[in-house]
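Spelled out, the chains give:
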2 protein chains.
Amino acid sequence: MGKRNLYLNNTPVEEARIIYENALKNRIKMDYEEIPTEASLGRITKEAVFALCSSPLFNAAAMDGIAVIAERTKGASDREPLELKKQEDFIIVDTGDPVRYPYDAVIMAEDVIEMDDSSIKILEAAVPWQHIRPVGEDIVAGEMLLASMHKIRPIDIGVLFSGGITNVKVVKQPKVAIFPTGTEIIEPGEAPKEGDIIESNSRMFEAMVASYGGIAERFSPIEDDYDKIKNAVSGALDYCDMVIVNAGSSAGTEDYTVHVLRELGEVLVHGVAIKPGKPVILAVIKNKPVIGLPGYPVSAYIGFETFVKPILAMFTGEHGYESNKVKAVLSKRLVSSLKHKEYVRVKVGEVDGRLVASPLSRGAGAAMSLVRADGFCVIDQNCEGIEAGEAVNVELYRSLSEIRHTLVSIGSHDLILDLIGDLMSIHNPGIYMSSTHVGSMAGLMALRRGEAHMVPVHLLDEESGVYNIPYLLRLFKEPMALVKGVKRIQGLMLQKGNPCMIKGIEDLAGCRYVNRQRGAGTRVLFDYRLKLSGMDASLISGYEREAATHMAAAALVASNSADAALGIYAAANAMGLEFLPIGEEEYDFAVPVEYLDLPEMQSFLQVLKSKELHHRMDEIGGYQYDMAGEIIFIHQ
Amino acid sequence: MGKRNLYLNNTPVEEARIIYENALKNRIKMDYEEIPTEASLGRITKEAVFALCSSPLFNAAAMDGIAVIAERTKGASDREPLELKKQEDFIIVDTGDPVRYPYDAVIMAEDVIEMDDSSIKILEAAVPWQHIRPVGEDIVAGEMLLASMHKIRPIDIGVLFSGGITNVKVVKQPKVAIFPTGTEIIEPGEAPKEGDIIESNSRMFEAMVASYGGIAERFSPIEDDYDKIKNAVSGALDYCDMVIVNAGSSAGTEDYTVHVLRELGEVLVHGVAIKPGKPVILAVIKNKPVIGLPGYPVSAYIGFETFVKPILAMFTGEHGYESNKVKAVLSKRLVSSLKHKEYVRVKVGEVDGRLVASPLSRGAGAAMSLVRADGFCVIDQNCEGIEAGEAVNVELYRSLSEIRHTLVSIGSHDLILDLIGDLMSIHNPGIYMSSTHVGSMAGLMALRRGEAHMVPVHLLDEESGVYNIPYLLRLFKEPMALVKGVKRIQGLMLQKGNPCMIKGIEDLAGCRYVNRQRGAGTRVLFDYRLKLSGMDASLISGYEREAATHMAAAALVASNSADAALGIYAAANAMGLEFLPIGEEEYDFAVPVEYLDLPEMQSFLQVLKSKELHHRMDEIGGYQYDMAGEIIFIHQ
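Residues numbered from 1 in each chain as written. Chains lettered and ligands numbered in written order. Predicted model: local features only at pLDDT ≥ 70, side-chain atom pairs only at ≥ 80, totals over all residues. Heavy atoms only, no water.

The helix and strand inventory of chain A stands at 16 helices and 38 strands. Against the 2.2 N^0.38 benchmark of 26 Å for 636 residues, chain A shows a C-alpha radius of gyration of 34 Å, more extended than a compact globule. For chain A, the spread of C-alpha atoms along the three principal axes comes to 110 × 70 × 45 Å. Burial status across chain A gives 58% buried among its 636 residues. When contacts within chain A are restricted to residue pairs at least 6 apart in sequence, long-range pairs at least 24 apart make up 77% of them. Total accessible area computed for chain A in this model is approximately 25400 Å², and 49% of it derives from carbon and sulfur atoms. Here chain A contributes 64 positive and 87 negative side-chain charges, whose respective centroids are spaced 6 Å apart. (Helix = DSSP H or I, 4+ residues; strand = E, 2+ residues; numbered from the N terminus. Rg over C-alpha atoms; globule rule 2.2 N^0.38 Å. Buried < 20%, exposed > 50% of the residue type's maximum accessible area, 1.4 Å probe, protein only. Contact = heavy atoms within 4.5 Å. Areas by Shrake-Rupley, 256 points an atom, 1.4 Å probe, with all protein chains shown as cover. Lys, Arg positive; Asp, Glu negative; His and termini not counted. Charge placed at Lys NZ, Arg CZ, Asp CG, Glu CD.)

Structure representation (structure tokens):
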């Protein structure tokens, strides 16, 4: 079977971190550089900064008016106005002008009665030092303006200049070399062949390094070649502060990274009890940190956050990352293993004032689930799972205010949901829609548990032949609204040219079919049609194989990994498939009446009725939207 | 009196904002540009982005192992292992390798028994499609990756590349011209003369524009000359999207800005009911926004935040700024006027689990108070004030987690407080000290109200001649600790060469004295010495004039704005003043016993005892620190 490194360790996360940080503690030296103050935004002071001059530099008028000698204004009153002579008793000053000896007070322009060019009258005596900003009122030369290890903000830049500081010593940004490796890896932009993987992790790392105060130097992908990897890493260490090697960190036949790092230096940890992210390598070479991260996007992301970020902080001194933790109610039971600490991506919605966390796909390869997620729920290694309804800590990476302005949709999938969400962000900036695709039935169950504002549904009642309404009557006691969506055509999505000669449901026996998940309206429809045709599900090879969306099912057919799947015209069309219509169905939105007035729902309804959406639906094809946005109130 | 624009309006903030945004709504067009995906971090998508290809692009092995034809593995069991032939029944695959027809399942390496180079045995049948990542599992070609108006994060960059997107359409960053004006303004780095003001606002604006997604173009200061300002503004509008003119926006003799803007276009608002920040000008010229901001740093900052930031958002589409609002208890009564909405800078501390907001200086010129503040408390225009103890909304601009790790010190001022805070940030990154200088007595009162962890005190008990302890016995019922600080020398700080020939307190009559605020230990000491000398305070000119810190008092003497002040040796030394010692005093720290164990307090104690601090104190001079860090427990 070739050379495999089957023996990956399973070091607990915290232990791995401590081992590594201890090894690096005395090796990483926080370096500094002196830069112009105007270029220092977001940088961190290496040492305390003291003012070189005071501000104001002199006693200054705090108002527009006249500077006077307070002593000489005594006795002025409404009854006995006092006349003052220009240059002798007063001078005109604007705000900020110096007030020099013997002048020691300022009278506001509004309180001065002009007589002629050389004299004025006042009705009240001046108190010494009134309306004067004393020298050093804001900044006193020698005082500390900023402490060490302070992250410089715009206002700090203003104060530094006021205090006479034109250059500032800041912590130097560490240089991080990033090496993507793998023979199957191609650069973005090249046309991919089967077996190729477009390199994307290193670009994500680049952006993460920049976000955390480092300077990334990303290299072109290196093929799986021991010497090439070795030379690259060794060369980069001559002028970089840290190296990240991506992939090859696991135990496959071509996973050279750990061997290379062992030869060059010391591997302290190989394999961490974290999911996703296990095959992490933590090494020290030439007294510098070298980290091997796994290739799956989600593992790569979590590995970076867990191990690279804290090491970067040792260089940058950046400690102010506020983890945005909230308590949310878990919508679905989560089982985890004692073998690892697990990071579960969750969507978080606020429904009825309560934050609800719904777990997303747990696959390490599902980068899109990271994009769609609102945060992580962390299950500790010593925990076997969390029950639905329990309160969990969620580390948000979307802001709470965004979440509060998000319409939470859980239910059946259709391409138009993304379009609607998109138009909502355009027309009502600051309002969002989050859609989770679990199928119609599971969506209605989530709505009953108070986890959603709305459920996209297309459920055929076999007895009455009516869509959706019978289900709402059956499942809900509270007043419900059915917001009409679209009629859409469902049919069999088949390979181009229909090589299997499928003419209907009856011809599926012997073909490679791909089904949708249980509770999906499309699956309900398929089962109904099977029943009508009198066919047994066991005859259909792939009946148990599930795809989560119309598009995923279509993609499997398009790639010749299946011969047929039931789905909507839009998906077949997008994937260039043949389409055999089976029938029209009603795809609507179930909404509790009490949510109709939410501004997010109003935005949704507005978009649903908009010409812009209808135009986009025409472009995709297969939709009929005459009733879109009409509301049917369901009375028990 | 020259030409003054006395007639500034007082438009309410919200009204001004609506007037301006309405005027600009149809004039500002959100522009876009196409940039390489790797350069798109933090930029905002102009339109939805759809995947060009799927990920994975093919059915891929999800594990290292062998790809098999599931059908042919039927019947394998522990008792009847099944032998499979290489190339015929199986091929070896690593994670990520394509699995092609007719192979339709992967068996993990761990579950395979190797026999020889060409055959293996398995103990269990494979389920079709097991351990295979189906094509499009992560991304399906054609699916929406990112919606419009989405701020691009590192993970988004990864997904864009995986989806085949190498260029992305993003909202163009608006170009903002910044013009500092004023004849008295000099560039940072030039040696300032009396009357000069170092230009710093424009640099702060530059950084603020960058923080909010614009591109700043900052110009050199323009003198107060109508035509020069006019030509500059008009010229910049030919290629910039927005112009900021700094200062000259008020109603002084040389405030030309509003006249220039009126000639060039339309001034919609001049003067807003906001404090600080009133003299704001909101204009439209050549269909572009031109904003005049006041010159005082705090007014400039608040004017920018209130009026420039929302207009920038009209260009950038950035709506995700989460205002970090918290509820805090107000420590001191705040009176405000019905004439304006007021932004009061506050320090916020968490003491005993309760957030307390303490108002700072309300002067428009106090930029340092903006640096030291943790946030703003906003008093609405229709509110006359807020009582101490009331809960107020505070808009934080420091993170809550930082505030939670901050030791709150309120009391007497000494230079060493800044040094201690600095050393704390160096030795215990992530731990901070915040010190507010209100004098010893006011500090003890704040401690009694639960607003501080610690009070720096130097209060002489006249009867016993003992410092600090008698006050703690008198004022506190709960167990208190007195953490010993330093002995420091107080004396008269006098002008160089002592021109007024002051030999002691007795000689102060007739001199220009500057006092410290009521409740300050130094003032208590001064009063005590006055009493001893039998002198009447009314004989001392300037007894009522107050400076808030030793350094501020020293600066007034140094600038010949006063002849004498009582203060510490360190301040006199820092300002190059003569120093006439009056006596030694004990500057200690009062701490409730229950707070001694806080990690922040432990860090403070550690620094107080450190050689590094003592070394720094020696450099400044005038301190004796033999007992520093010793704790005296005060029993009732």
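On we go.
Residues and elements named next belong to chain A. Reading across the sheet, the three strands line up as β5-β9-β8 and stay open at both edges, with antiparallel pairing between neighbours. Because the sheet does not close on itself, it has two edges, and the strands there are β5 (82-85) and β8 (112-116). Across the sheet, the mean angle separating the axes of adjacent strands is 30° when strand polarity is ignored. (Pairing = 2+ DSSP bridges. Axes fitted to C-alpha atoms, helices over the stretch in contact; angles between N-to-C directions.)

Superposition of the two copies of the chain requires a rotation about an axis together with a shift along that axis. Between chain B and chain A, which share one sequence, the superposing operator has a rotation angle of 180° and an axial displacement of 0.0 Å; the RMSD is 0.1 Å. The two molecules are tied by a two-fold rotation axis, judged by turn and shift. Relative to the rotation axis, the C-alpha of Asn324 of chain B is the closest in chain B, positioned 5.7 Å from it. A share of 99% of the interface residues of chain B reappears at the interface of chain A, consistent with the copies meeting face to face through the same patch. (Least-squares fit on C-alpha atoms with pLDDT ≥ 70 in both.)

Moving on, we come to the interface of chain B and chain A. Every contact between the two is made by 109 residues of chain B and, on the other side, 109 residues of chain A. Our count for the chain B to chain A interface comes out at six salt bridges. Run the count over chain B and chain A and you get 16 residue pairs in polar contact (both at pLDDT 80 or more). In terms of residue count, helix α2 (residues 154-162) of chain B provides more of the side of chain B that touches chain A than any other element does, eight residues in total. In terms of residue class, the side of chain B that touches chain A is built from 58 nonpolar, 26 polar and 25 charged. (Salt bridge = Lys/Arg side-chain N within 4 Å of Asp/Glu carboxyl O. Polar contact = N/O pair within 3.5 Å; in protein donor to acceptor, adjacent residues only side chain to side chain. Nonpolar A, V, L, I, M, F, W, Y, C, P; charged D, E, K, R; others polar.)

Take the pairing of strand β28 (residues 391-396) of chain A next. Residues and elements named next belong to chain A. Of the two faces of β28, only one is covered, namely that formed by Val392, Val394 and Leu396; the face formed by Ala391, Asn393 and Glu395 stays uncovered. Across three bridges, the pairing between strand β26 (residues 375-379) and β28 is antiparallel. Bridge assignment links Cys377 to a residue of β28, and that residue is Val394.

Residues and elements named next belong to chain B. Judged by pairing direction, the sheet is mixed, and its six strands sit side by side in the order β16-β13-β17-β21-β20-β18 without closing on themselves. Two strands close off the open sheet at either side, each with one partner strand: β16 (215-218) and β18 (266-270). Strand-to-strand twist across the sheet, computed as the mean angle between neighbouring axes with direction ignored, equals 20°. Sheet topology places strand β13 (residues 175-180) next to strand β17 (residues 242-246); five bridges connect them, and they run parallel. Of the residues in β17, the one forming a bridge with Pro180 is Asn246. Of the strands in this sheet, β13, β17, β20 (281-285) and β21 (288-293) touch helix α4 (residues 226-236), which is tilted by about 170° from β13.

All names here are of chain A. Under the defined criterion, the tally for this structure stands at 26 aromatic pairs over all chains. Each ring, one from Tyr569 and one from Phe579, has its centre 5.4 Å from the other, and the planes form 80°; the classification is edge-to-face. Here Tyr569 is found in helix α14 (residues 569-574), whereas its partner Phe579 is found in strand β36 (residues 578-592), with ten residues between them in sequence. Taking the relative accessible area as the measure of exposure, Tyr569 reaches 30% and is therefore partly exposed. Cluster of aromatic residues (ring-pair linked, three or more members): Tyr301, Tyr343, Phe376 and Tyr397. One residue, Arg398, lies across the ring of Tyr432, its end atom 5.3 Å from the ring centre. (Phe/Tyr/Trp six-rings, centres within 6.5 Å; stacked < 30°, edge-to-face > 60°. Lys NZ or Arg CZ within 6 Å of the ring centre and 35° of its normal.)

So, about empty space enclosed by the protein. Throughout the structure, instances matching the rule amount to six cavities of 30 Å³ or more. The set of elements that each furnish at least two residues to the lining of the largest cavity consists of β24 (341-351), β25 (354-359), β29 (406-411) and β30 (432-437) of chain A. Broken down by element, the residue count for the lining of the largest cavity peaks at three residues, all from β24 of chain A. Among the residues making up the lining of the largest cavity, the classes are represented as four nonpolar, four polar and three charged. Roughly 50 Å³ of volume is contained in the second largest cavity. Together, Lys347, Val348, Gly349, Val356, Ser358, Asp374, Val408, Ile410, Ser434, Thr436 and Glu451 of chain B line the second largest cavity. Counting residues per element, the ones that place at least two in the lining of the second largest cavity are β24 (341-351), β25 (354-359), β29 (406-411) and β30 (432-437) of chain B. Counting residues per element, the lining of the second largest cavity draws most heavily on β24 of chain B, which supplies three residues. (1 Å grid on protein atoms, 1.4 Å probe; cavity = no way out; pocket = protein on both sides within 12 Å on 5 of 7 lines; lining within 4 Å. Points joined across faces, edges and corners; volume = space filled by probe spheres on them.)

When two helices pack together, their arrangement is given by the angle between the helix axes and by the axis-to-axis distance. All names here are of chain A. Following both chains from N to C, one finds helix α3 (residues 201-211) and helix α6 (residues 297-316) inclined at 30°, their axes separated by 11 Å at the closest point. Taken as axis vectors, α3 and α6 run roughly parallel relative to one another. Our pair here, α3 against α6, has a crossing hand that is right-handed. The residues of α6 that touch α3, namely those facing Asn201, Met204, Phe205, Met208 and Val209, are Pro297, Ala300, Tyr301, Phe304, Glu305 and Leu312. Classifying every residue of the contact of α3 with α6 gives nine nonpolar, one polar and one charged. (Parallel < 35°, antiparallel > 145°, perpendicular 65-115°, else oblique. Left-handed = near helix turned anticlockwise from the far one by under 90°.)

With that out of the way, let us pick up the confidence of the model for chain A. Interpretation of the predicted coordinates at a detailed level should be avoided for regions scoring low in pLDDT. Summing up the model confidence of chain A, the mean pLDDT is 91 and the portion of residues at 70 or higher is 97%. Both scores are given for the predicted complex: the pTM is 0.90, the ipTM 0.90. (pLDDT = per-residue confidence, 0-100.)

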